[in-house]
Amino acid sequence: IGDQQLGIGWIFEKRLVNRVIFYDIEDGEVRGFITGEIIGPFGELEIIATSKRFERKGVAKGLIVRLLDYFRKKNLDKVVCIAWKTQDGGVHLEYILTLFGFVKIKEIKNFYYQFSLSNNLKCPVCGDPPCQCHSVLFEKVLNETMYLSL
């Protein structure tokens, strides 16, 4: 799922150390997963991916609910997410993040450039490194109601 949705090599063992990981599994098949990390007083929704067969079936929503509940139980103030912005201007996760009350904070140009070069990671849009896609930083205050638009 990770290679299909994020690009070949973007998920590797070192990136998963000290992360919380939730899976959605049905009949022995992984339908999706989400990773998060606690960084000081806030949480980061780091990676979320669903199998193409299960897109638009509520898998991602369920995973986000689980991660946000986990962060709430840890008494964190905010959650951030750095979402991928492709060269055509589309922002992955924007729709679902706004459903959960995340707001855009800022755009970061060439966010993945150095990371893709130093780890030889292939972008699903740019192809071979360097990735020249941008990203958008989203933030959610956890004391807000989480289910406003669901």
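> Can you break down the pairing of strand β3 (residues 42-50) residue by residue, with the values?
Here β3 lies mainly inside the structure; eight of its nine residues are buried. In the sheet, strand β2 (residues 29-39) pairs with β3 via eight bridges, with the strands oriented antiparallel. Looking at β3, one finds that Ile38 is bridged to Gly43. Between β2 and β3, which pair antiparallel and follow one another directly, the connecting turn spans two residues, one of which, Gly40, has a positive phi of 60°.

> Residues and numbers for the pairing of strand β4 (residues 78-85), please.
Across the eight residues of β4, six count as buried, placing the element largely inside the fold. Pairing analysis gives four bridges linking β3 to β4, with the strands arranged parallel. Across the sheet, residue Leu45 finds its bridge partner in β4, namely Cys81. A crossover links β3 with its parallel partner β4, the connecting element being helix α2 (residues 59-73), and its sense is right-handed. Strand direction decides the pairing type here: β4 and strand β6 (residues 134-141), joined by eight bridges, are antiparallel. Paired with Val80 across the bridge in β6 is Glu139.

Here is what the cut-offs are and how they apply
- Residues numbered from 1 in each chain as written.
- Predicted model: local features only at pLDDT ≥ 70, side-chain atom pairs only at ≥ 80, totals over all residues.
- Heavy atoms only, no water.
- Buried < 20%, exposed > 50% of the residue type's maximum accessible area, 1.4 Å probe, protein only.
- Helix = DSSP H or I, 4+ residues; strand = E, 2+ residues; numbered from the N terminus.
- Pairing = 2+ DSSP bridges.
- Right-handed = clockwise from strand over helix to strand, strands pointing away.

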